[in-house]
Amino acid sequence: MAADVAAERTALEARIAELIEAQGPIDVATFMTLALGHPSLGYYPAHARLGADGDFVTAPEVSQIFGELIGLALADAWRTMGGPPVRLVELGPGNGTLMADLLRATASVPGFGAALDIHLVETSPALRSRQAGRLAGLERVHWHADLGDVPGDRPLLLVANEFFDALPIRQFIKEEAGWREIEVAVDGRGRLCLTRAAGPTPAALRLGRAPVGSVVELSPAREALMEDLAHRLGAQGGLALVIDYGEAEPTPGSTLQAVHRHQKVDPLTRPGEVDLSSRVDFGALARIARTGGLAVFGPVPQGAFLERLGAALRLAQLVRGASADRSAGLEEGYRRLTAAAGMGTLFQALAVTSWPLLPPGFAAEEMVS
Ligand SMILES: C[S@@+](CC[C@H](N)C(=O)[O-])C[C@H]1O[C@@H](n2cnc3c(N)ncnc32)[C@H](O)[C@@H]1O
């Protein structure tokens, strides 16, 4: 291997290259799992930086309005459910900002705080300690590595913002002779590169008909999570809100993207130091939840969802009496969350519920049949 390549590789890139040299190319899902989740060198455990001075900004980091409105929506659903004791669950809480804003905004809802037991599903020890700092002083906060570890005895109120997009995907390309899986290999210079599996993709994956050259993404990890969630909601009752970037139909082509300091970069370079994500196929998640017997609403664009929850009203409350600088910041955050030029249509919200309840922020005709 050239000396310049050896010097440029991250420690994780070298480990992944060794693995591939020992056992052959790996699928994209294995690459993503290592790049994001390797216990000591992966992006989330070792390098995750969320926020304006980090790699990328999520909705709760854009404006407090986001977490506040999610909190009030969940509290509203809880009241409709009759106000039972509930497990409040967040998948992948990042800096803990959404949960902190949610709890502050709902502190005045009578009985809500006392009904909650808080469960954060987070694998990164570094982010767990950031979340603990953010939620310091709160009782009844529990961390888990997996949704399966959250006790299954009470109704759930669950939120997952930009969580599904971080779960691994597999990619397939249509050739004349059929589908081939796209894999990660090592090129002649020792760098990671994309290749195609030596053998055809098993017919059991049923990728369907498509023109030669089409790329299709599947995410067994996302589907397994939605199956688990639907099963739990069916057994325990409750409401889940999933907000992410993606569409009701799968986006054609590769949607795997890497971001470093707010710039898109090559997903194969500097693994462990860059964030990886891909667009969420909400239609696939909705079908799984429907098959599990749940009521599903959406997806609806984030902007419309937040406006229905009262984003403009909340903005007006916040700017009242605020300094000119703070008002400008609040208005800018509100626009970024809701406008089409920001996150308003790129991001979508999906609700899954066992209750015969209309989830706040959704219209009856948005129920998936
Ligand atoms: C893109 S960040 C989103 C953070 C937060 N929800 C927000 O909106 O700011 C993804 C979060 O999910 C966590 N995460 C990623 N994969 C995970 C997994 N398989 N299990 C549990 N947590 C995971 C990350 O550590 C991080 O907290």
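Everything here concerns the structure above.
Within every chain, residues take consecutive numbers counted from 1 along the sequence as written. Restriction of local features to residues with pLDDT of at least 70 applies here, the model being predicted, together with a cutoff of 80 or more for giving and counting side-chain atom pairs; totals for whole chains, interfaces and linings are based on all residues.

A. How the structure looks around unusual backbone geometry. In this chain, glycine 298 is followed by proline 299 through a cis amide linkage whose omega measures 10°. Numbering of helices and strands runs from the N terminus; a helix is a DSSP stretch of H or I covering at least four residues, while a strand is a stretch of E covering at least two. Relative to the elements of secondary structure, proline 299 occurs in strand 15 (residues 295-301). Residue arginine 261 is not a glycine yet carries a positive backbone phi of 45°. Of note, arginine 261 is situated in the loop between strand 11 (257-260) and strand 12 (263-265).

B. Representation of the site of the ligand. Around the ligand, 18 residues are found, and the nearest of them are Tyr44, Thr58, Gly92, Gly94 and Asn161. In terms of residue class, the shell around the ligand is built from 9 nonpolar, 6 polar and 3 charged. Proximity of a residue to a molecule or strand is defined by its backbone-placed C-beta atom lying within 6 Å of that partner. Each residue receives one of three labels: charged for Asp, Glu, Lys and Arg, nonpolar for Ala, Val, Leu, Ile, Met, Phe, Trp, Tyr, Cys and Pro, and polar for the others, Gly being one of them.

C. Seen up close, helix 6 (residues 64-80). Given a rise of 1.5 Å per residue, 17 residues ought to cover 24 Å, and the 25 Å separating the end C-alpha atoms of helix 6 matches this to within 8%. Just beyond helix 6, the residue with positive phi is glycine 82, at close to 95°. In this analysis, the expected span of each helix is defined as 1.5 Å times one less than the number of residues it contains.

D. Broad picture of the packing of helix 6 against helix 13 (residues 311-319). Between helix 6 and helix 13, the least distance of the axes is 10 Å, while the angle of their chain directions is 120°. If you check the angle between helix 6 and helix 13, you find them oblique. The hand of the helix 6/helix 13 crossing is right-handed. Residues Ile65, Glu68 and Leu69 of helix 6 pack against Ala311, Arg314 and Leu315 of helix 13. A per-class count over the contact of helix 6 with helix 13 returns 4 nonpolar, no polar and 2 charged. Orientation is described by lines fitted to C-alpha atoms, with helices fitted over the stretch in contact, and by angles between N-to-C directions that extend from 0 to 180 degrees. In these notes the angle categories are as follows: under 35 degrees is roughly parallel, over 145 is roughly antiparallel, 65 to 115 is roughly perpendicular, and the rest is oblique. By the definition used in this description, the sense in which the near helix is turned from the far one sets the handedness, with an anticlockwise turn below a right angle giving left-handed and a clockwise turn giving right-handed. Working definition of a contact: two residues with C-beta atoms, positioned from the backbone, lying within 7 Å.

E. A look at helix 10 (residues 220-236). With 17 residues, helix 10 ought to run about 24 Å at 1.5 Å a step, and its terminal C-alpha atoms sit 24 Å apart, in line with that. Against strand 5 (156-161), strand 10 (238-247), helix 11 (282-291) and strand 16 (347-353) lie the buried residues of helix 10. Phi turns positive, to about 85°, at glycine 237, one or two residues after helix 10.

F. The sheet that holds strand 13 (residues 275-277), seen in detail. The sheet built from 3 strands is open, its strands ordered 12-11-13 with antiparallel pairing. Only two strands of the sheet have a single partner each, and these edge strands are strand 12 and strand 13. Direction aside, the axes of adjacent strands within the sheet are offset by 40° on average. In this structure, strand 11 lies alongside strand 13, joined through 3 bridges in antiparallel fashion. The partner of glutamine 257 across the bridge, within strand 13, is serine 277. Being paired, for any two strands, means DSSP has found at least two bridges between them.

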